[in-house]
Amino acid sequence: AQKVTQAQTEISVVEKEDVTLDCVYETRDTTYYLFWYKQPPSGELVFLIRRNSFDEQNEISGRYSWNFQKSTSSFNFTITASQVVDSAVYFCALSREYGNKLVFGAGTILRVKS
Amino acid sequence: GAGVSQSPRYKVAKRGQDVALRCDPISGHVSLFWYQQALGQGPEFLTYFQNEAQLDKSGLPSDRFFAERPEGSVSTLKIQRTQQEDSAVYLCASSPAGGRSYNEQFFGPGTRLTVL
């Protein structure tokens, strides 16, 4: 069975602080995909990044960076110099190589205060 | 271009009523998904279509839930004899191709169903 755990229910930071959102996953597959989605108050899930299980290179996109470590089954997400507009619920998700369905974690609520 | 649209955005039903939720995927997208998101939780998979074929319905919680996509585009999720535990946001997503799970899913705004 596949499972995603986001242990942080809610995080509050002050603008310009760095923040890391944790994601731990469980799967018996050797090939799988990991995703991060953002859900702003409007409710629509917005895709942020996808990673396949064979690519452990960390990735940076502007203020966002992702740290994928197969050894610890973790796929953590860091926002550098957070902004109020980053306030949202962030979901980590896992899918098998085929079948397409996403297994989501419970989400982490990020509140960035000015 | 237009994204995934869902209607209605909000639906209030009395317990025991039937409801129908509509999803218009991005034009040309092969794959279509339905998820259920309870308050404070992550979305949970309900069912998956590749064109008009329903390839996975393992997430449908009971036989009161039924989904269709007869012409491979618009999809309808129907819930019969609604119960209070059906209250949730129902999210639809589409993806440009089928097969491998590599493809990003594009989500609609959801339909918030409240069963009284």
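Reference entry: report on the structure contained in this document. (Residues numbered from 1 in each chain as written. Chains lettered and ligands numbered in written order. Predicted model: local features only at pLDDT ≥ 70, side-chain atom pairs only at ≥ 80, totals over all residues. Heavy atoms only, no water.)

Here the focus is the environment of Gln41(B). Within the element layout of this structure, Gln41(B) appears in the loop between strand S4 (31-37) and strand S5 (44-50). When the C-alpha positions of Gln41(B) and Ala2(B) are compared, they lie 27 Å apart, and in sequence the two are 39 residues distant. Residues contacting Gln41(B), with those up to four places away along its chain left out, are Phe91(A) and Ala106(A). (Helix = DSSP H or I, 4+ residues; strand = E, 2+ residues; numbered from the N terminus. Contact = heavy atoms within 4.5 Å.)

Further remarks concern the interface of chain B and chain A. Residue-level contacts link 23 residues of chain B with 22 residues of chain A. Taken together, both faces of the contact between chain B and chain A bury some 2,000 Å²; the carbon and sulfur share is 49%. In this assembly, chain B and chain A are joined by 4 residue pairs in polar contact (both at pLDDT 80 or more). Every element with two or more residues in the side of chain B that touches chain A is listed here: S4 and S5 of chain B. Considering every element that reaches the side of chain B that touches chain A, the biggest residue donor is S4(B), with 3 residues. (Buried area = accessible area lost by both parts, 1.4 Å probe. Polar contact = N/O pair within 3.5 Å; in protein donor to acceptor, adjacent residues only side chain to side chain.)

Right, let's get into the pattern of salt bridges. Following the criterion strictly, the structure yields 8 salt bridges over all chains and no others. Of the charged contacts, one joins Asp24(B) and Arg22(B) as a salt bridge, the two residues approaching to 2.8 Å between their closest N and O atoms. Residue Arg64(B) pairs with Asp86(B) through a salt bridge whose shortest N-O separation is 2.8 Å. Highlighted residues: Arg64(B) in the loop between strand S6 (53-56) and strand S7 (65-68) and Asp86(B) in the loop between strand S8 (75-79) and strand S9 (88-95), separated in sequence by 22 residues. With a relative accessible area of 12%, Arg64(B) lands in the buried category. For Asp86(B), a relative accessible area of 3% translates into the label buried. Linked through salt bridges whose partners overlap, the residues forming this network are Arg51(A), Asp55(A) and Glu59(A). (Salt bridge = Lys/Arg side-chain N within 4 Å of Asp/Glu carboxyl O. Buried < 20%, exposed > 50% of the residue type's maximum accessible area, 1.4 Å probe, protein only.)

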